Amino acid sequence: MKIGDYLEKRQAKWDELEALHAKFSTSKGRRKATGEQATAFANAYRSACSDLAMANENRLPTSTVRYLHNLVGRCHNQIYRSGGLATKGLFYNVFTFAPQKIMNDVCVQIASLLFFGLFTLSALFASMAHTFPKFAESVLGQEQIDQLEESFVDPLDSTDEQDRYVIMSAFYIQHNTSIGLRCFGEGILIIPCLIDLSYNAIVLGASFGYMAREDSVGGENFLEFTTAHGPFELTAIVLSAAAGLRLGIGFFVTNGLKRFDSIRNAAQEAVPIILCAVTLFTLAAFTEGCISPTALPYPFKALWAIISSALMMFYFVVLGSLEEGEHAA
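Criteria and cut-off values
- Residues numbered from 1 in each chain as written.
- Predicted model: local features only at pLDDT ≥ 70, side-chain atom pairs only at ≥ 80, totals over all residues.
- Heavy atoms only, no water.
- Axes fitted to C-alpha atoms, helices over the stretch in contact; angles between N-to-C directions.
- Helix = DSSP H or I, 4+ residues; strand = E, 2+ residues; numbered from the N terminus.
- Parallel < 35°, antiparallel > 145°, perpendicular 65-115°, else oblique.
- Nonpolar A, V, L, I, M, F, W, Y, C, P; charged D, E, K, R; others polar.
- Core = buried A, V, L, I, M, F, W, Y, C linked by side-chain atoms within 4.5 Å.
- Buried < 20%, exposed > 50% of the residue type's maximum accessible area, 1.4 Å probe, protein only.
- Contact = heavy atoms within 4.5 Å.
- Expected span 1.5 Å × (residues − 1).
- Phe/Tyr/Trp six-rings, centres within 6.5 Å; stacked < 30°, edge-to-face > 60°.
- Lys NZ or Arg CZ within 6 Å of the ring centre and 35° of its normal.
- Left-handed = near helix turned anticlockwise from the far one by under 90°.

A. Layout of the packing of helix H12 (residues 230-252) against helix H13 (residues 259-290). As a packed pair, H12 and H13 sit with axes 8 Å apart at the nearest point and diverge in direction by 170°. One way to sum up the angle between H12 and H13 is to call them roughly antiparallel. Across the contact of H12 with H13, the residue classes break down as 21 nonpolar, 5 polar and 5 charged.

B. Spotlight on the nonpolar core. Counting residues in hydrophobic clusters, the biggest one holds 34 residues, and the most contacted among them are Leu239, Leu280 and Phe316. Among the elements of the structure, helix H5 (90-103), helix H6 (106-127), helix H9 (162-186), helix H10 (191-211), H12, H13 and helix H14 (298-321) are those that each provide at least two residues to this core. At 10 residues, H12 tops the list of elements feeding residues into this core. Aside from chain neighbours lying at most four places away, what touches Leu280 is Phe232, Thr235, Ala236, Leu239, Met312 and Phe316. Counting 18 residues, the second-largest nonpolar core is a separate cluster that includes Phe24, Ala33, Phe41 and Leu257.

C. Up close: H5. With 14 residues, H5 ought to run about 20 Å at 1.5 Å a step, and its terminal C-alpha atoms sit 19 Å apart, in line with that. Every buried residue belonging to H5 is among Tyr92, Asn93, Thr96, Phe97, Ala98, Pro99, Gln100 and Ile102, and all of these are buried.

D. Geometry of the side chain of Asn221. With respect to the helices, strands and loops of the structure, Asn221 is situated in helix H11 (residues 219-227). Residue class for Asn221 comes out buried when judged on its relative accessible area of 14%. If sequence neighbours within four positions are ignored, Asn221 has contacts with Phe152, Val153, Asp154, Pro155 and Leu156.

E. Layout of H12. An ideal rise of 1.5 Å per residue puts 33 Å on 23 residues; H12 measures up with 33 Å between its terminal C-alpha atoms. With 20 of 23 residues buried, H12 is to be regarded as a mostly interior element.

F. Broad picture of the environment of Ser309. Tracing the backbone through its elements, the reader meets Ser309 in helix H14. By relative accessible area, Ser309 is classed as partly exposed at 29%. It is 10.0 Å that separates the C-alpha atoms of Ser309 and Ala228, two residues lying 81 residues apart in sequence.

G. View of the packing of aromatic side chains. Enumeration over the complete set of coordinates arrives at 14 aromatic pairs. Aromatic side chains Phe95 and Tyr315 sit 6.5 Å apart centroid to centroid with 75° between the ring planes, which places their arrangement in the edge-to-face category. With Phe95 in helix H5 and Tyr315 in helix H14, this residue pair connects regions lying 220 residues apart in the sequence. Consider the rings of Phe125 and Phe132, whose centres lie 4.5 Å apart with planes at 40°: the pair is tilted. Lying across the ring of Phe251, Arg259 places its NZ or CZ 5.1 Å from the centre.

H. Just the packing of H6 against H10, in detail. Packing of H6 against H10 brings their axes to within 7 Å, and their N-to-C directions diverge by 30°. Viewed along their axes, H6 and H10 form a crossing whose handedness is right-handed. Taking contact as the criterion, the partners of Ala111, Leu114, Phe115, Leu118, Phe119, Ser122, Ala123, Ala126 and Ser127 in H6 are, on H10, Leu194, Leu197, Ser198, Asn200, Ala201, Ile202, Leu204, Gly205, Ala206, Phe208, Gly209 and Tyr210. Tallied by class, the residues present in the contact of H6 with H10 amount to 15 nonpolar, 6 polar and no charged.

Everything listed is a geometric property; what it means functionally is a separate question.
Spelled out as structure tokens, the structure:
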């Protein structure tokens, strides 16, 4: 088929898609749209995607390819948004859409395996003083180990005023958020994010492993302090890095879209991840400021950590693995 005949034949379909896109771009238009129009919009969008692929393969004029890129990108954003966070109920967004999106996101899976895998190995190596006598020192350095032991040489107490815990919570929110923002910001370049995530996993794991040794100074106080807020904080770090990686994937893998449109789509996919990370960082900060440093019995802090971990497992794994129909049942 000649290029002119092809363009003339398909132009009417593209005009139809433009009109449907204009209708679904306004809240009034979406409210008045019929089921048939929604189906026609989806079908026209899929046809335009096929046209774009064929246009690239057959080297159609640059203006045509650019037009189709723009049209497909705008319609993709509209369809994605209409099925995403903006038009669903709050309960659906929080307890169905977000956990499923996070659970099935390959960036979350990669970040989780990398961080918790290296964290566990590093903690094991650092705790096995006889087998790996120099591991903790080589990772942390003697100066950092001395500071770590000095910080927890004294038992935790609750003699401070309650206002101090509020101030500590604010400090930890700022501190933890800076870690998350750094991991998130580096994600656009992918490799720096993975390196920083691995570094944090190894250092944190070595710290936990070293302080778990029987001969470490202040080891019991350290473990008592970190038990309550650890699950929230470590998970938040992973999610921050995963959200950044999602943007990085969108920057380098455009799937035929313009780079700006690809990044915008990736940002929309990263929204549930980063919002969840912010929530967990906040919970970790309040726990770290109001529970971890107090003289509350250790069984209470351990129970807090167990309940926190169980709730996160239920949210991410159970809710994230269910089909949409099972939520509605």
